[in-house]
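# Secondary and tertiary structure notes
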Amino acid sequence: MVEYVMGFYNYWICVVLLMIGFYAMISKKNLIKKLIGLHIFQTAVMLFFISTSVKRGATVPVAFHRQGELLQAIEVQQFMNPLPHVLILTAIVVMISTTGVALAVLLLIYRRYKSLEENEILRSIR
Amino acid sequence: MNDPQLQATVLIVVIPLMISYAIPLLGWRWRESGYYVAQSAIGASLVCALILLHGVLTQGTIHYHLGGWFPPWGIEYVIDPLNGFIAVVVCATGFLVTLFSKESVEKELPDKKTRFYTIYLLLFTGLMGIVVTGDLFNLFVFLEIASLAAYALIAIGKDDAPLASFNYIIMGTIGAIFYLLGVGYLYIITGSLNIADLSKLLPPLYESKVVLIAMAFFAIGLAIKIGLFPLHGWLPDAYTYAPSPVSSFIAPLMTKVGCYVMIRIIFTVFKPYFSIESIPVTEILSWIAAAGMIMGSIFAIAQSDFKKMLSFSIVAQTGYIVLGIGLANRTALTGSLLHILNEALTIGVLFSVAGAIVYKLGTSNIYQFGNLHKKMPFTMAAFLVGAFSMVGTPPTCGFFSKLYLILGAIEAKQWVFVAVILVSTLLNVIYFFKVVEIVYFKPRELATEKEKEILKVVYANGGSYKENTRELDLLGRNEAPLSMLIPIFIMAAGIVLAGIFYFDIITGVIQHAIPSGI
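Residues numbered from 1 in each chain as written. Chains lettered and ligands numbered in written order. Predicted model: local features only at pLDDT ≥ 70, side-chain atom pairs only at ≥ 80, totals over all residues. Heavy atoms only, no water.

Bringing the overall build of chain A into the picture now. Counting its secondary structure elements, chain A contains 5 helices and 2 strands. Helices (α) and strands (β) of chain A occur, in sequence order from the N terminus, as α-α-α-β-β-α-α. Against the compact-globule benchmark of 14 Å for 126 residues, chain A has a radius of gyration of 21 Å, which places it well outside the compact range. For chain A, the C-alpha atoms occupy an extent of roughly 70 × 45 × 15 Å along the three principal directions. Pairs at least 24 residues apart make up 55% of the contacts formed inside chain A by residues separated by at least 6 positions. (Helix = DSSP H or I, 4+ residues; strand = E, 2+ residues; numbered from the N terminus. Rg over C-alpha atoms; globule rule 2.2 N^0.38 Å. Contact = heavy atoms within 4.5 Å.)

Here it is as structure tokens:
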């Protein structure tokens, strides 16, 4: 059991982070805390993707070329999978933009209601 | 590579994307240019979409490899009859709604025109990208482009718009991340992100739990994105408080494109027999959709705000489309696709009518609509067409899509859903005819001072109120500007024409668009 948990510890951490983020998003009353939860939630997925690219004893995926020919035959086991990294680079851009838009919206909310506490805002609407 | 269809496949996304960045530059020099540039970009996409639909129906599926990288490694844009059809629906509705938006933006966001159209076009780019891409991760990126633009556009509205937008950000991101997790699971087990490739690689792996979990993540993530009933919390507020040009653009298109993605995932990425038999995802979806159809309509009855009522009605209408997906037979899916066309036009008309009313009246409270047909006869006529289509009265397209859904439910021997469709239709009648009653049959009040003065003169000369109603009507008339009326009328005409030619649409396009294996 211990081995099962330890062997996949990065995935377990990913699950824990996902749950922390999810909890913060649905139960916190402060809107900034919700945003932080959102951020943790997204980061967890990135950890998940990066974990899938890792192989034991593998190195950076750079193949050496000379004038268009490979210098050595590529052994797949020697290199990490570069594709998840590329995907996550894109996902990071998406995440930054989401955070940016969310912060701008929070600014609008603060200017309109003078508060970022959900309870206070809902009270002022009624 | 000189084939116009191949060019159109990529131009349909690239034109609006590039031009959206040109708008701020042009707007810096010419303040009024934003609208014209955005309109022509969407028009260009519409032309591309028509070329593509024609090409795909005559010559079969079109593949475009971005950057010359071949499919399993590179990103591929694929046009088959299904997304060719959706692309035309989205482009045509988008074009007409943009035509409508000019005056509305002028009035509601006078100092933000340039920035508004920049984000507006980005939203359109996102929607187009979702429709044409053949790569699951690329689809996620476009989904986020569209969603981010939608968050920003909704937040510029009045009242509680920023709060609604923030709720949408939280819910929308949860949906997107669930979708991304699903993509991750499929990538782990197959090592591919290409939709066509996945549908070949997955069948031997259907026993695996990883695939089952991926399917669960996809279903929930997309259900949040399209606002399916128990997860619809963000939708009504967001669509209600958004400025009217925004809500009339987002409301007809966002959820429909989401439904398209759902069809893609359930029936193309996974084979239909997996979705129907291995895990009962379609059955669960049908029950949820049925609940949504009833509950959405009940919520809609309780609303006093016209836009909010329409938003809840979208929740119900999304239920119809998803029910067609869930029943998973040819007839029901035909109904579903026809309903996507019908919905895009109908919701477009109704939200545009709401926009025109807000433009003239300054409010969207139903109880202030008394006698509106005297003030805005043409707008209200278009509203009637939209309402009839929503309820499903014969000459309009709404009747035929519901007919096919009912036939599909009968074919699947799911009598409960037949009853649910009929009950939901009755509920539709209740909330639309509440509005019709207030607009057309409420006793007349003489609101303006001018009318009262004229009436005084009429009485002084021994005339009666009744003889002079026509004159008073003309005086009280306060119709929306022509640039709003024309697109509303084209869409209303589209609803009726789609109803009259429903059989041609089905045999010509939809029949080919249904994924194989159903």
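On we go from here.
Let us look at the pattern of salt bridges. Any two side chains of opposite charge can pair, on the condition that their charged atoms come close. Residue and element names in this part refer to chain B. Under the definition given, this model contains 6 salt bridges over all chains. Between Arg 264 and Asp 80 there is a salt bridge, with the nearest N and O atoms lying 2.9 Å from each other. Highlighted residues: Arg 264 in helix α10 (residues 244-269) and Asp 80 in the loop between β2 (76-79) and α3 (81-108), separated in sequence by 184 residues. Residue class for Asp 80 comes out buried when judged on its relative accessible area of 17%. Of the charged contacts in the structure, one is a salt bridge between Glu 144 and Lys 225, with a shortest N-O distance of 3.5 Å. Here Glu 144, found in helix α5 (residues 136-155), pairs with Lys 225, found in helix α8 (residues 209-226); they are 81 residues apart in sequence, far enough to count as distant. A network of salt bridges, in which partner residues are shared, links Glu 32, Glu 106 and Lys 113. (Salt bridge = Lys/Arg side-chain N within 4 Å of Asp/Glu carboxyl O. Buried < 20%, exposed > 50% of the residue type's maximum accessible area, 1.4 Å probe, protein only.)

So, on to helix α16 (residues 377-391) of chain B. All names here are of chain B. In this model, α16 (15 residues) spans 21 Å end to end at C-alpha, consistent with the 21 Å of a helix rising 1.5 Å per residue. The set of residues buried in α16 consists of Pro 377, Thr 379, Met 380, Ala 382, Phe 383, Gly 386, Ala 387, Ser 389, Met 390 and Val 391. Where α16 is buried, its residues contact α13 (306-327), α14 (330-361), α15 (372-375), α17 (397-411), α18 (415-441) and α21 (482-500). Backbone geometry just after α16 places Gly 392 at a positive phi near 100°. (Expected span 1.5 Å × (residues − 1).)

On to the side chain of Ser 101 of chain B, then. All names here are of chain B. Turning to its location among the elements, Ser 101 is positioned in helix α3. Judged by its relative accessible area of 0%, Ser 101 falls in the buried class. What Ser 101 contacts, discounting residues up to four positions off in sequence, is Tyr 117, Tyr 120 and Pro 245.

Glycine aside, residues mostly have negative phi, and peptide bonds are mostly found in the trans state. All names here are of chain B. In this model, Ala 328 sits at a positive phi of 55°, which is unusual for a non-glycine residue. Considering the arrangement of structural elements, one finds Ala 328 in the loop between α13 and α14. Of note in this structure, Lys 413 is not a glycine but carries a positive phi near 60°. Along the chain, Lys 413 falls in the loop between α17 and α18. Among the residues examined, Lys 413 registers a relative accessible area of 61% and is labelled exposed.

What follows covers the side chain of Thr 125 of chain B. Inspection of the secondary structure puts Thr 125 of chain B in helix α4 (residues 113-132). Once residues within four sequence positions are removed from consideration, Thr 125 of chain B is found in contact with Val 13, Pro 16, Leu 17 and Phe 142 of chain B.

Moving on: the environment of Val 439 of chain B. Residue and element names in this part refer to chain B. Considering the arrangement of structural elements, one finds Val 439 in helix α18. Overall, Val 439 belongs to the buried group, its relative accessible area being 0%. In sequence terms Val 439 and Ile 314 are 125 residues apart; their C-alpha atoms lie 22 Å from each other. Once residues lying within four places of it in the same chain are set aside, the contact partners of Val 439 are Phe 369, Gly 370, Asn 371, Leu 372, His 373 and Met 380.

Turning our eyes to something else, we now look at the packing of α8 of chain B against α10 of chain B. Residue and element names in this part refer to chain B. It is the contact of α8 with α10, at a shortest axis distance of 9 Å, that shows an interaxial angle of 165°. Taken together, α8 and α10 sit at an angle that is classed as roughly antiparallel. Judged by the sense of rotation from one axis to the other, the crossing of α8 with α10 is left-handed. Taken together, the residues of α10 that come into contact with α8 (itself represented by Met 215, Phe 218, Ala 219, Leu 222, Ala 223 and Ile 226) are Thr 255, Gly 258, Cys 259, Val 261, Met 262, Ile 265 and Ile 266. Taken together, the residues of the contact of α8 with α10 sort by class into 11 nonpolar, 2 polar and no charged. (Axes fitted to C-alpha atoms, helices over the stretch in contact; angles between N-to-C directions. Parallel < 35°, antiparallel > 145°, perpendicular 65-115°, else oblique. Left-handed = near helix turned anticlockwise from the far one by under 90°. Nonpolar A, V, L, I, M, F, W, Y, C, P; charged D, E, K, R; others polar.)

On to the packing of aromatic side chains, then. One pass over the full model with this rule turns up 36 aromatic pairs over all chains. Taking the centre distance of 5.0 Å and the plane angle of 80° together, the rings of Phe 116 of chain B and Tyr 117 of chain B count as edge-to-face. The exposure class of Phe 116 of chain B is buried, given its relative accessible area of 2%. Measuring from centroid to centroid gives 6.4 Å for Phe 218 of chain B and Phe 270 of chain B, while their planes differ by 70°, and the two rings are edge-to-face. Separated by 52 residues along the polypeptide, Phe 218 of chain B in helix α8 and Phe 270 of chain B in the loop between α10 and α11 (272-278) bring together distant segments of the chain. Exposure class is identical for Phe 218 of chain B and Phe 270 of chain B. Each is buried. These aromatic residues form a ring-pair network of at least three members: Tyr 4, Phe 8, Tyr 11, Trp 12, Phe 22, Phe 41, Phe 48 and Phe 49 of chain A together with Phe 178, Tyr 185 and Phe 217 of chain B. A cation sits over an aromatic face here: Lys 107 of chain B above Tyr 359 of chain B, 4.8 Å from the ring centre. (Phe/Tyr/Trp six-rings, centres within 6.5 Å; stacked < 30°, edge-to-face > 60°. Lys NZ or Arg CZ within 6 Å of the ring centre and 35° of its normal.)

With that settled, consider the interface of chain A and chain B. The partner chain B presents 31 residues to the 34 residues of chain A that form the contact. Across the interface of chain A and chain B, roughly 2800 Å² is buried in total on both sides, 84% from carbon and sulfur atoms. If you look at where chain A meets chain B, you find 0 salt bridges. Among the elements that take part in the side of chain A that touches chain B, helix α4 (residues 82-113) of chain A stands out by supplying 16 residues, more than any other. Looking at the side of chain A that touches chain B residue by residue, the class counts come to 25 nonpolar, 6 polar and 3 charged. (Buried area = accessible area lost by both parts, 1.4 Å probe.)

Glancing now at empty space enclosed by the protein. Per the stated rule, a full pass over the model turns up 2 cavities of 30 Å³ or more. The computed volume of the largest cavity comes to approximately 100 Å³. Broken down by secondary-structure element, the contributors of at least two residues to the lining of the largest cavity are α4, α5 and α10 of chain B. With 5 residues, the top contributor of residues to the lining of the largest cavity is α10 of chain B. Across the lining of the largest cavity, the residue classes tally to 10 nonpolar, 3 polar and 1 charged. Forming the boundary of the second largest cavity are Gln 42, Met 46, Ala 91, Val 94 and Met 95 of chain A together with Phe 140, Ile 177 and Leu 180 of chain B. Elements represented by at least two residues in the lining of the second largest cavity include exactly α3 (31-53) and α4 of chain A together with α6 (161-190) of chain B. The dominant element in the lining of the second largest cavity, judged by the number of residues it contributes, is α4 of chain A, at 3 residues. (1 Å grid on protein atoms, 1.4 Å probe; cavity = no way out; pocket = protein on both sides within 12 Å on 5 of 7 lines; lining within 4 Å. Points joined across faces, edges and corners; volume = space filled by probe spheres on them.)

What follows concerns the environment of Leu 212 of chain B. All names here are of chain B. Tracing the sequence through the fold places Leu 212 in helix α8. Distance in space between the C-alpha atoms of Leu 212 and Val 385 is 44 Å, their sequence separation being 173 residues. Contact partners of Leu 212, with chain neighbours within four places excluded, come to Tyr 206, Phe 274 and Ile 279.

Membership of the largest hydrophobic core comes to 220 residues, with the highest contact counts inside it found for Ile 109 of chain A together with Leu 136, Tyr 239, Phe 270, Phe 306, Phe 383 and Phe 432 of chain B. Excluding its chain neighbours within four sequence positions, the residues that come into contact with Phe 270 of chain B are Leu 186, Leu 202, Tyr 206, Val 211, Met 215, Phe 218, Ile 265 and Ser 275 of chain B. (Core = buried A, V, L, I, M, F, W, Y, C linked by side-chain atoms within 4.5 Å.)

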